[in-house]
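Descriptive structure summary
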Amino acid sequence: MNSTHTTTSINTDFYEIDDLLTEEHRLVREAVRQMINRDVRPIIEEYAQRSEFPKHLIQNFAEIGAFGPTLPVEYGGGGMDYIAYGLITQEIERCDSGMRSAVSVQSSLVMWPIYAYGSEAQRQKYLPRLASGEMLGCFGLTEPSHGSNPAGMLTHFTDAGDHVVLNGSKLWITNSPLADIAVVWARNEQGRIQGLIVERGMEGFSTPEIHNKWSLRASATGELVFDNVRVPKENILPNIEGLQGPLGCLDNARYGIAWGAIGAALDCYETARQYALERVQFGKPIAGFQLQQKKLAEMLTEITKAQLLAWRLGTLKNEGRATTAQISMAKRNNVEMALNIAREARQMLGGMGIVGDYPIMRHIMNLESVITYEGTHDIHLLILGKEITGIQAFK
Ligand code: TGC
Ligand code: FAD
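All values reported here derive from a predicted model rather than from experimental measurement.

1. Remarks on the pairing of strand β1 (residues 137–140)
Residues Gly137 and Phe139 point to one face of β1 and Cys138 and Gly140 to the other, with burial holding for every one of them. When β1 meets strand β4 (residues 181–187), the two strands line up parallel, connected through 4 bridges. Looking at β4, one finds that Cys138 is bridged to Ala182.

2. Here we look at helix α1 (residues 23–50)
Taking 1.5 Å of rise per residue, 28 residues should cover 40 Å, and α1 covers 39 Å from first to last C-alpha, within 8% of that figure. Along α1, the positions that sit buried rather than exposed are His25, Val28, Arg29, Val32, Met35, Ile36, Asp39, Val40, Ile44, Glu45, Tyr47 and Ala48. Tucked inside the fold, the buried residues of α1 contact α2 (57–63), α3 (82–93), α4 (97–117) and α9 (360–370). Two residues or fewer after α1 comes Ser51, characterised by a positive phi angle close to 60 degrees.

3. Points about the site of ligand 2
Taken together, 17 residues lie around ligand 2, and Phe139, Thr142, Ser148, Trp172 and Thr376 are the ones closest in. In this structure, Phe139 approaches ligand 2 through a main-chain N or O atom, which is 2.9 Å from a nitrogen atom. Contacts to ligand 2 include Leu141, whose backbone N or O atom sits 3.0 Å from an oxygen atom. The protein chains hide 68% of the 980 Å² of surface that ligand 2 would expose on its own. Where the shell around ligand 2 is concerned, the elements lending two or more residues are β3 (163–174) and α10 (377–389). Among the residues making up the shell around ligand 2, the classes are represented as 8 nonpolar, 7 polar and 2 charged. Looking at which domains feed residues into the shell around ligand 2, each of domain 2 (137–235) and domain 3 (244–389) gives three or more.

4. What about the domain arrangement of the protein chain?
Many authors give the size of an interface as the accessible area that is lost as the parts come together. Split by domain assignment, the protein chain resolves into domain 1 (17–131), domain 2 (137–235) and domain 3 (244–389). On a C-alpha basis, the centres of domain 2 and domain 3 stand 30 Å from each other. On the domain 3 side, the residues contacting the 9 residues of domain 2 number 10 residues. Taken over both partners, the interface formed by domain 2 and domain 3 buries close to 810 Å², and the fraction arising from carbon and sulfur atoms is 74%. Run the count over domain 2 and domain 3 and you get 0 salt bridges. Between domain 2 and domain 3 we count 3 residue pairs in polar contact (both at pLDDT 80 or more) in total. Tallied by class, the residues present in the side of domain 2 that touches domain 3 amount to 6 nonpolar, 2 polar and 1 charged.

5. Concerning the packing of α4 against helix α5 (residues 120–131)
Direction vectors running N to C along α4 and α5 enclose 160 degrees, while the axes themselves pass 9 Å from each other. Viewed along their axes, α4 and α5 adopt a mutual orientation that is roughly antiparallel. Taken as a pair, α4 and α5 cross one another with a handedness that is left-handed. Contacts between α4 and α5 involve Gln106, Val110, Met111, Ile114 and Tyr115 from the former and Gln122, Arg123, Tyr126, Leu127, Leu130 and Ala131 from the latter. Here the residues of the contact of α4 with α5 sort into 8 nonpolar, 2 polar and 1 charged.

6. Section: the site of ligand 1
As a matter of local geometry, ligand 1 sits amid 28 residues, with Thr174, Arg254, Thr324, Glu374 and Gly375 nearest to it. Within the side chain of Asp251, an N or O atom sits 3.0 Å from a nitrogen atom of ligand 1. For ligand 1, the accessible surface in isolation is 1200 Å², of which the surrounding protein chains cover 74%. Listed by contribution, the elements that provide at least two residues to the shell around ligand 1 are α4, α6 (244–278) and α10.

About the criteria used
- Residues numbered from 1 in each chain as written.
- Chains lettered and ligands numbered in written order.
- Predicted model: local features only at pLDDT ≥ 70, side-chain atom pairs only at ≥ 80, totals over all residues.
- Heavy atoms only, no water.
- Buried < 20%, exposed > 50% of the residue type's maximum accessible area, 1.4 Å probe, protein only.
- Helix = DSSP H or I, 4+ residues; strand = E, 2+ residues; numbered from the N terminus.
- Pairing = 2+ DSSP bridges.
- Expected span 1.5 Å × (residues − 1).
- Contact = heavy atoms within 4.5 Å.
- Near = heavy atom within 4 Å.
- Polar contact = N/O pair within 3.5 Å; in protein donor to acceptor, adjacent residues only side chain to side chain.
- Areas by Shrake-Rupley, 256 points an atom, 1.4 Å probe, with all protein chains shown as cover.
- Nonpolar A, V, L, I, M, F, W, Y, C, P; charged D, E, K, R; others polar.
- Domains from an automatic or database assignment.
- Buried area = accessible area lost by both parts, 1.4 Å probe.
- Salt bridge = Lys/Arg side-chain N within 4 Å of Asp/Glu carboxyl O.
- Axes fitted to C-alpha atoms, helices over the stretch in contact; angles between N-to-C directions.
- Parallel < 35°, antiparallel > 145°, perpendicular 65-115°, else oblique.
- Left-handed = near helix turned anticlockwise from the far one by under 90°.

Structure representation (structure tokens):
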């Protein structure tokens, strides 16, 4: 065994994946970790209990370069690679999935489509302001009657000269109650799906908040309602049409979640391990019982497998070779892994596992959303099934 694996150290890099990272990767990870430990960890439980998004943190996330880290620096991005992006989401979700949600949406679902599908004027107008945290964005794909099947969407717009008139609604939208802009997917008069940038303040546009969530309580979730909203034609994303527009964005966000889930799993594993070493029952620490050791050994094994999956996916993504099915495998596996570890860790803490003094119950509740959004666990299985057999089983 490696000499650094002492009985008291917490080594969650069991296969020394750090050796595969560059100096820049490690620096980015350390900067995020420091900010999270200093500014987020001390307040997150209180905000989650109050069911409130800590809005002031938008500035902190911007300062560490969490918004648009892979986009070119000329637009305010970080010019980094996808491993760096993954490490950022991992360190944020180590604290709270809701905080990672806010960052995923801003980076992968708002900035990325404006960069990839937008005009030069749209890039110049929005990207630097989103990167600096001056603006917060949201992404509207899901509708009340169309979640897993966005191809059935009803939200639509009609041509009215220099602008279009948008009608419809979106449901379950992260950041919507606070967002300054929304990237919205809607049908044109020919029935083709297009992306539009809708700005807060446009007449007929409202963003009611969804209350009473048991999950992602520190994240703001809401609706987007469009009642004859006049959107200037210059706000339509010109370089994409069809469902591949929103699905292309999802590839990036799902990739970030595959890394983020590892963060939540690490936090649960480390908490449970420390507790087991300190909690004495029947005259010895519970970590000394074989049943508890089995849980810890299996947790570390699953975390290590997930780390390797995420790292390899990151290198494929850097080379532009990561496929949708590969991303589905990683999102599906890693989120389920994190949820299983969170549930086992909670049991290891006994009654203490259910209180907010420890982060585990919050992670479990958060991960129940993470396993549902960005494509449910079953939808990702069907994406893999289609890849394996060539037969789609969605319909
Ligand atoms: P299908 O026939 O397979 O494809 C339709 C068109 O899209 C193209 N395509 C893709 N293009 C780019 N990237 C991808 N990943 C793509 N996947 C498919 C495809 O080539 C085709 O193009 P064309 O030109 O021929 O039209 O589509 P389908 O209708 O059969 O649906 C497939 C299915 C079920 C996999 C898809 O609809 C799906 O992934 N559903 C899940 C919906 C989902 O994930 N929603 C997420 C909403 S956003 C969110 O949850 C944010 S949470 C954020 C947070 O807080 O972190
Ligand atoms: P449904 O599609 O109604 O699915 C219900 C069940 O049926 C699921 O178990 C599903 O797997 C299963 N099912 C569906 N179709 C099939 C099939 N063909 N075969 C087998 N089983 C099937 N959306 C956005 O656009 N933007 C956001 O920012 C956003 N943020 C979110 C934040 C939160 C907290 C949550 C909970 C959701 C968010 N979503 C967002 C929506 C999310 O993407 C959807 O909830 C998700 O895609 C599932 O859609 P649904 O809830 O309508 O469930």
